[in-house]
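Architecture at a glance
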Amino acid sequence: MSESEIPESDRLGGYPHPREVADFKGQAEAEQALFDAFMSGRMQHAWLLTGPKGIGKATLAYRMTRFVLHYGTPEKARAAGARDLFVPEDTSVFHQVAAGSHPNLITVRRPWDDKNKKLKTVITVDEVRRIGHFFGLTAGERGAWRVVVIDSADEMNANAANALLKALEEPPPNGLFLVLSHQPGRLLPTIRSRCRTLRMTPLDPEEIATMIAAAEQAAEAQAAGTRKKVTLTPEGERLMLAHLAEGSVGRALSIAGSGGLALYRELASLLVQLPRIDIAALHTFADKAGKRGADDTYETMIELLTHWLQRLVRAGAELDSGPDIVEGEGAAMRRLAAGGSLDRWVEVWEKISQMTARGEALNTDRKLVILNVFSMLEAVASERAGA
């Protein structure tokens, strides 16, 4: 496999990579914080961008990267009339960052395992040690910025985390670390303490719906002249995807790309029948979601199931569980949550996560895992119904 064919761990299907995205919406406060810090002339050398996966952390990191590499100093940015981190698409910096070829940018992420022909499951220490070599090189011009994007720090193993800590402790002049984390509480406290934390928030459903359309149009433009086919989400379904995504445009695109909305309708149609389920329909569903080779479908199904249970718990706690995507969802959730403590459903939610993880580790037949999951759900629903 040539270098250009190696998949990128931080690329989502056929959609544009975050470093290729020019427009940025939904995180105005986070962008303003980075812009103000740079324009003050007292830019912190390390930033920890936190928040749920898929809300724009990487897009903002590359937007900031382009800005500092393009302008270099607050004076130049001010003279150009910069009001945010926007850099025109026709600049050489934009093209180099989009291509991943800018000499003053390095991205640390899960590497390709040539022996096993797949991406490694963690960021290794060797990947992080590349930072020392990168900073040891002479920048393209005197005083130029050099930027490290780590996507994501959650995927580092222990040795890699310690190597990053050392790099953060000895930053070079005009060295900038943009560290992305979906679960910052799991990082070393010493790493967190050496970064300025920038918390980013989930996006509104309306923003996500707009961003789905923009991402699909960009993917369609990229695919023009190739054999790749991009399926556009009908306008009426984008908001449904946005509600399923819980504030993450990345999750919305992932669900859309794997046919997740149709899958969710099938799943929810079974769940609203609890405690009694159409056995034939369940087996048909399990055959589809659990068949060999349908990894994306299975993973999306598990994600959507846990999302449904989360909504059930919220409904039982009299919190907003979101609009119905399948008729009768909300009523079914309230019915199943009534008549007892919600702890039992939380326990089931946790057991399902453990069961599916164990099934993957032991290479258990996925259809059997799905049937066992529904058997557990039926048992708890029957308890609630007094059956």
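Our subject in this report is the structure included herewith. Fair warning: this is a prediction, and the values are worked out from it, not measured in the lab. (Residues numbered from 1 in each chain as written. Predicted model: local features only at pLDDT ≥ 70, side-chain atom pairs only at ≥ 80, totals over all residues. Heavy atoms only, no water.)

**Comments concerning the pairing of strand β1 (residues 46–50)**
- Within β1, five of the five residues are buried, leaving the element largely enclosed by the surrounding structure.
- Side-chain alternation along β1 places Ala 46, Leu 48 and Thr 50 on one buried face and Trp 47 and Leu 49 on a second face that is also buried.
- Across five bridges, the pairing between β1 and strand β6 (residues 175–181) is parallel. Within β6, the residue paired with Ala 46 across the bridge is Phe 177.
- Where β1 and strand β7 (residues 196–199) come together, four bridges link them in parallel fashion. Each bridged residue has a counterpart across the sheet, and for Thr 50 the counterpart in β7 is Arg 199. (Buried < 20%, exposed > 50% of the residue type's maximum accessible area, 1.4 Å probe, protein only. Helix = DSSP H or I, 4+ residues; strand = E, 2+ residues; numbered from the N terminus. Pairing = 2+ DSSP bridges.)

**Topic: helix α14 (residues 329–337)**
- Listed as buried for α14 are Glu 329, Gly 330, Ala 332, Met 333, Leu 336 and Ala 337. For α14, the angular spread of the buried residues around the axis is 160°, confining them to a single face.
- Its buried side turned inward, α14 meets α11 (260–271), α13 (295–316), α15 (343–361) and α16 (366–385).
- Count one or two residues on from α14 and you reach Gly 339, which has phi positive near 85°. (Arc of directions from axis to C-beta. Contact = heavy atoms within 4.5 Å.)

**Describing α16**
- Counted at 1.5 Å a residue, the expected span for α16 with its 20 residues is 28 Å, and the 29 Å between its end C-alpha atoms agrees.
- Within the sequence span of α16, burial applies to Arg 366, Val 369, Ile 370, Val 373, Phe 374, Met 376, Leu 377, Val 380, Ala 381 and Arg 384. Projected onto a plane normal to the axis of α16, the buried residues spread over an arc of 155° and lie on a single side.
- Each element contacted by the buried residues of α16 is listed here: α11, α12 (279–290), α13, α14 and α15. (Expected span 1.5 Å × (residues − 1).)

**Quick notes on the pattern of salt bridges**
- Counted under the stated rule, the structure contains 21 salt bridges.
- Glu 8 is paired through a salt bridge with Arg 109; the nearest N and O atoms lie 3.1 Å apart. Here the residue Glu 8 occupies a position in the segment before α1 (28–39), and Arg 109 occupies one in the loop between β2 (105–108) and β3 (112–113), the gap between them amounting to 101 residues.
- Classification of Glu 8 as buried rests on a relative accessible area of 18%.
- The shortest N-O distance in the salt bridge between Arg 314 and Glu 246 comes to 3.4 Å. (Salt bridge = Lys/Arg side-chain N within 4 Å of Asp/Glu carboxyl O.)

**Topic: the nonpolar core**
- Among the nonpolar cores identified, the biggest contains 56 residues, and Trp 308, Trp 345, Phe 374 and Leu 377 are the most heavily contacted of them.
- With ten residues, α13 is the single largest residue contributor to this core.
- Here Leu 377 is in contact with Leu 271, Leu 274, Leu 305, Leu 309, Trp 345, Val 348 and Ile 352, once residues within four sequence places are set aside.
- Membership of the second largest hydrophobic core comes to 36 residues, among which are Leu 34, Met 43, Phe 67 and Val 68. (Core = buried A, V, L, I, M, F, W, Y, C linked by side-chain atoms within 4.5 Å.)

**Describing the packing of aromatic side chains**
- Overall, the coordinates contain six aromatic pairs when judged by the stated rule.
- Seen in terms of ring centroids, Phe 38 and Trp 145 are 6.1 Å apart; in terms of plane orientation they differ by 50°. Their pairing is tilted. Remark: Trp 145 occurs in the loop between α5 (125–136) and β5 (146–150) and Phe 38 occurs in helix α1; sequence separation between them is 107 residues.
- A residue is classified by how much of its surface remains accessible, and Trp 145, at 10% relative accessible area, is buried.
- Members of the aromatic cluster, joined through ring pairs, are Phe 35, Phe 38, Phe 67, Tyr 71 and Trp 145. (Phe/Tyr/Trp six-rings, centres within 6.5 Å; stacked < 30°, edge-to-face > 60°.)

**Overview of the side chain of Asp 151**
- Mapped onto the elements of the fold, Asp 151 is located in the loop between β5 and α6 (158–169).
- Here Asp 151 occupies a buried position and makes no salt bridge, while the nearest side chain of opposite charge, Arg 109, is found at 6.9 Å.
- Dropping the residues within four chain positions of it, Asp 151 is found in contact with Asp 10, Ala 58, Val 108, Arg 109, Ile 123 and Leu 180. (Lys, Arg positive; Asp, Glu negative; His and termini not counted.)

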